[in-house]
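The lines below spell out each chain.
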Amino acid sequence: MAAHNLKHALFCAIVTLVISYPILGFNLESQGTSVILEGAKTSTVIGVLLAAVIVFLFQLFRDNVMGSLRQLPAVNPLANRKPMEQSRRLKLESALLTLMVIGALIWPFIASRGAVDLATLVLIYIMLALGLNVVVGLAGLLDLGYVAFYAVGAYTFALLSQYYGVSFWFALPIGALLAALFGLVLGFPVLRLRGDYLAIVTLGFGEIIRILLNNMTSLTGGPNGIGGIPDPTLFGMEFGRRVKEEGNTSFHETFGIAYSSEHKVIFLYLIALVLAVITAIAIRRLMRMPVGRAWEALREDEIAAKSLGLSRTAVKLSAFTIGAFFAGFAGTVFASKQGFISPESFVFLESAIILAIVVLGGMGSQMGVILAAIAVTILPELAREFSEYRMLIFGAAMVLMMVWRPQGLMPMRRIHIELKPQE
Amino acid sequence: MQDLLYFIQQLINGLTIGSTYALIAIGYTMVYGIIGMINFAHGEIYMIGAYTSLIAITGLAALGIAWLPLVLIVALICAMIVSSSMGWAVERVAYRPVRGKHRLIPLISAIGMSIFLQNYVHLAQGSRNIGFPDLIEGGFRFGAADSFQTSISYIQITIFITTLVCMTILSLFISRSRIGRACRAVSQDLGMANLLGIDTNRIISATFVIGAALAAVAGLLLGMYYGSIDPLFGFIAGLKAFTAAVLGGIGSIPGAMLGGLILGVAESMTSGYLSGEYKDVVSFGLLILILLFKPTGLLGKPEVEKI
């Protein structure tokens, strides 16, 4: 046993060295046309060696370490806690949600401009994550090209405003519907595919949309993107210092207050908030409707659901289309917030981040997804000195999450009836 | 005549790229054949192979060793060792603990691993693309001197030969060796193979190692062919190779070879006759079409759904 452990530990330590030393220990530097090799700093080399030693020791005493970890009594005080009663939990959840919305309403009036801007971004991600939650969490369809629908929404607004001068409020439903239409058209053929094929096809679709946006230079401006996207107006009132469009008035003149650029930021934030709340409520209602139940049924057992008379294509298609619809929503808000969009914003990584939010929060759980969206967007901003390591940590967190807690931080709990034992 | 030469040139370019796609695709197809998951991090393993071989080549140059066959072989061996270890470690850390859980869980874990590895190399080596030295220069030319000439560079020939050798070794390994036989058994029925005394964990690790080693070969070859590498170039190549694997029928090794060649030719024809920017659109479009009309791929076996 000990000998076997020693051999295994030695092997693991050597593998650690082999996979880290060549990449971390030597740096390739371009010098003119040629490339030279430089040794890394001593600290890096020591770090690599230290990692190998730690791996060696851990593997050597693996049984002891794991054994004593298991014997530790009740490290987790919540482990033996009984699950909260359903009615209480629901009440608590809705109270918490109300509190969050109230807090979000007060937020722009107490926070700085940058914080409000960030909060708008958080709300956009909440919309995206809630939409993807329908597709991945409820219907169990892994969509890796979700960002394509987001791009459709954003580009619809940008193009319509550039060529036809369409305003935000008109573009919002058009963008969302067009994204939904894309979802429908893409979904119709591909939803027959099994899980992981679907993932790859949607990924391919996302890439195709991005490449097309990049290359149709005459229409979309290619990699240069589209700028000058107008801000939303409030009943024809503009938020700029001067009125750009004829017939509009400006917000500060109408109300007789001093012009401030903050008004626009706050207004956009409030729009995003309203849309996010609408998204959350709409999806919450859908979840309890027959179609929502059908999504879950199909996710749990396709064959059983089919044999009970559910149309697989129709149910999946509805989830896909509704998910795409909300992505289009978010895209329009995003275009209006940035004022400028380019294909750079719609890369695969963005899809992966949204997916990570859904997974982190707990697939299917709305509350979890909202909290995860807040965490994933705000944490990198707080830890700016680690910004280099952001994506590294992000990738590692995805893997660790899947290994240790695949159901997410706040797993979805279905509403159910509990039968009491007969007396 | 001109047109024919041009066509042949595209065909040669396509087959060159396609044969390297095939090398990467084998890693996808073998892993999928055995545990039914898409190893999303495979493209990154290929990228790490390319980086390691470049590090080895530069290191040897710094030591003053310039005899080409030696440089190439040392670079190849270094890349294969590092990539295989990486493949083994990735399976151990990210895939084994989630094996057998819901389909989406290993896939998401793999996406996380892919992001992690990309940024690992990005942090260690910088995000700029780094030039690969021209080790093999020159080539054969055909056609009249004053018009279009079809050329086959020596590097293309090297790629063909290396790929051919790797494929032959792999085929022999799978059909003759003990581990190869075990691999086939495990891919047919994992549970049954386990009952019959095959250490399935070991075979699964072996699959990852073999796939990673072939990806490392492709990394060196494509690095030399394209002339520069960067931490992101594994992602698209990985997708292409996966497309190739699906095209040929996922789970089938000859299918991966065929799919890689078809995809490479389709791409080079697109860039030769339409525009280079749309070659990715064509390959993903091809993937979608294949999945719609023949989800089992060209050489794949139909999957029977058991209830």
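Not measured: the values here are computed from a predicted model.

What counts, and where the lines are drawn
Residues numbered from 1 in each chain as written. Chains lettered and ligands numbered in written order. Predicted model: local features only at pLDDT ≥ 70, side-chain atom pairs only at ≥ 80, totals over all residues. Helix = DSSP H or I, 4+ residues; strand = E, 2+ residues; numbered from the N terminus. Rg over C-alpha atoms; globule rule 2.2 N^0.38 Å. Buried ≥ 20, exposed ≤ 12 C-beta atoms within 10 Å, placed from the backbone. Contact = placed C-beta atoms within 7 Å. Axes fitted to C-alpha atoms, helices over the stretch in contact; angles between N-to-C directions. Parallel < 35°, antiparallel > 145°, perpendicular 65-115°, else oblique. Nonpolar A, V, L, I, M, F, W, Y, C, P; charged D, E, K, R; others polar. Left-handed = near helix turned anticlockwise from the far one by under 90°. Core = buried A, V, L, I, M, F, W, Y, C linked by C-beta atoms within 7 Å. UniProt positions renumbered as here; feature names shortened; annotations may be inferred. Pairing = 2+ DSSP bridges. Domains from an automatic or database assignment. pLDDT = per-residue confidence, 0-100. Expected span 1.5 Å × (residues − 1).

Engineer: What exactly am I supposed to notice about the overall build of chain B here?
Structural biologist: When helices and strands are tallied, chain B shows 11 helices and four strands. Over its C-alpha atoms chain B spans a radius of gyration of 20 Å, differing by no more than 12% from the 19 Å that the globule rule assigns to 307 residues. C-alpha extents for chain B along the principal axes are approximately 65 × 50 × 35 Å. Considering chain B as a whole, with its 307 residues, one finds that 51% of them fall into the buried category. Nonlocal contacts in chain B, meaning residues at least 24 apart in sequence, comprise 75% of its contacts between residues at least 6 apart.

Engineer: Where do I start with the overall build of chain A in this structure?
Structural biologist: For chain A, the count of helices and strands is 17 helices and four strands. Evaluated residue by residue, chain A yields a buried proportion of 40% over its 423 residues. Within chain A, counting contacts between residues at least 6 apart in sequence, those at least 24 apart form 75% of the total.

Engineer: Looking at this structure, I do not really get the packing of helix α1 (residues 2-35) of chain B against helix α9 (residues 233-248) of chain B. What am I missing?
Structural biologist: Helix-helix packing: each pair is described by the crossing angle between the helix axes and the interaxial distance. All names here are of chain B. Two elements in contact, α1 and α9, have axes whose closest approach is 8 Å; the angle formed by their N-to-C orientations is 75 degrees. Taken together, the axes of α1 and α9 are roughly perpendicular relative to one another. Side by side, α1 and α9 meet where Y21, A22, I24, A25, Y28 and T29 of the first sit next to A237, G238, K240, A241, F242, A244 and A245 of the second. Class assignment of the residues belonging to the contact of α1 with α9 gives a composition of 10 nonpolar, two polar and one charged.

Engineer: Is there a simple way to think about the packing of helix α5 (residues 113-138) of chain A against helix α16 (residues 366-382) of chain A in this case?
Structural biologist: Residue and element names in this part refer to chain A. In the contact formed by α5 and α16, the axes pass within 9 Å of each other and the chain directions differ by 140 degrees. Between α5 and α16, the angle falls in the class oblique. Our pair here, α5 against α16, has a crossing hand that is right-handed. Along the contact surface, α5 presents L118, L121, V122, Y125, I126, A129, L130 and N133, while α16 presents Q366, V369, I370, A373, I374, T377, I378 and E381. Among the residues forming the contact of α5 with α16, the class breakdown is 12 nonpolar, three polar and one charged.

Engineer: So what exactly am I meant to see when it comes to the nonpolar core here?
Structural biologist: Among soluble globular proteins, nonpolar side chains are generally buried collectively. With 212 residues, the main nonpolar core has M127(A), A129(A) and I357(A) as its most contacted residues. With 16 residues, helix α8 (residues 200-226) of chain B is the single largest residue contributor to this core.

Engineer: What should I look at first to understand the interface of chain B and chain A in this one?
Structural biologist: Interface size is commonly expressed as the accessible area that is lost once the parts come together. Each side of the interface is counted separately: chain B has 53 residues, and chain A has 45 residues. Secondary-structure elements contributing two or more residues to the side of chain B that touches chain A are α2 (42-63), α3 (68-95), α4 (104-125), β1 (130-131) and α11 (279-293) of chain B. Examining the composition of the side of chain B that touches chain A, we find that 16 residues originate from one element, α4(B), more than from any other.

Engineer: Quick question: what am I supposed to make of the UniProt feature "transmembrane region" (unreviewed entry) in chain B here?
Structural biologist: All names here are of chain B. UniProt records the feature "transmembrane region" (unreviewed entry) for residues 20-38, 45-65, 71-90, 102-121, 154-174 and 203-226 in the present numbering. The straight-line gap between the two end C-alpha atoms of residues 45-65 is 27 Å; of that span, 90% is helix and 0% is strand. Measuring from the first to the last C-alpha atom of residues 71-90 gives 28 Å, for a span that is 100% helix and 0% strand.

Engineer: Can you walk me through the pairing of strand β2 (residues 34-39) of chain A in this structure?
Structural biologist: Looking along a regular strand, one sees the side chains alternate between the two faces of the sheet. All names here are of chain A. By the criterion of burial, β2 is predominantly exposed, with just zero of the six residues buried. Bridge count for strand β1 (residues 26-31) against β2 is six bridges, and the pairing is antiparallel. Paired with N27 across the two strands is E38, which belongs to β2.

Engineer: Please clarify how the domain arrangement of chain A should be interpreted in this entry.
Structural biologist: Segmenting chain A into domains produces domain 1 (2-66) and domain 2 (93-404). One C-alpha centre belongs to domain 1 of chain A, the other to domain 2 of chain A; they are set 41 Å apart.

Engineer: How should the environment of W88(B) be read in this particular structure?
Structural biologist: Inspection of the secondary structure puts W88(B) in helix α3. Here the alpha-carbon distance between W88(B) and T207(B), two residues 119 residues apart in the chain, equals 8.9 Å. Every residue in contact with W88(B), bar those within four places of it in the chain, is listed here: V15(A), S205(B), F208(B) and V209(B).

Engineer: It is not clear to me how the confidence of the model for chain B should be interpreted in this structure. Could you clarify?
Structural biologist: As a note on interpretation, predicted positions should not be read in detail where pLDDT is low. For chain B, the mean per-residue pLDDT works out to 86, and 97% of the residues sit at or above 70. Per the prediction output, this complex has pTM 0.87; the corresponding ipTM is 0.84.

Engineer: Please explain helix α11 (residues 262-288) of chain A as it appears in this structure.
Structural biologist: Every α-helical turn comprises 3.6 residues, leaving residues that sit three or four positions apart pointing alike. All names here are of chain A. For α11, with 27 residues, the first-to-last C-alpha span of 39 Å sits near the 39 Å given by 1.5 Å per residue. Looking at α11, one finds that the buried residues are V265, L268, Y269, I271, A272, L275, A276, T279, A280, I283 and M287. Tucked into the core, α11 has its buried residues touching α4 (86-110), α5, α12 (290-300), α14 (312-338) and α16.

Engineer: Quick question: what am I supposed to make of the environment of R192(A) here?
Structural biologist: Residue and element names in this part refer to chain A. Mapped onto the fold, R192 is located in the loop between α7 (168-190) and α8 (195-215). Among the residues examined, R192 registers 15 C-beta atoms within 10 Å and is labelled partly exposed. Distance in space between the C-alpha atoms of R192 and G67 is 46 Å, their sequence separation being 125 residues.

Engineer: Help me out: how do you make sense of α16(A) in this one?
Structural biologist: With 17 residues, α16(A) should cover 24 Å at 1.5 Å per step; its first-to-last C-alpha distance of 24 Å lies within 8% of that length. Looking at the packing, one finds that the buried side of α16(A) touches α5, α11 and α15 (348-361) of chain A.

Engineer: I keep staring at the environment of T98(A) and nothing clicks. Help me out?
Structural biologist: Relative to the helices and strands, T98(A) resides in helix α4. Spatially, the C-alpha atoms of T98(A) and I124(A) are 19 Å apart, while their sequence positions differ by 26 residues.

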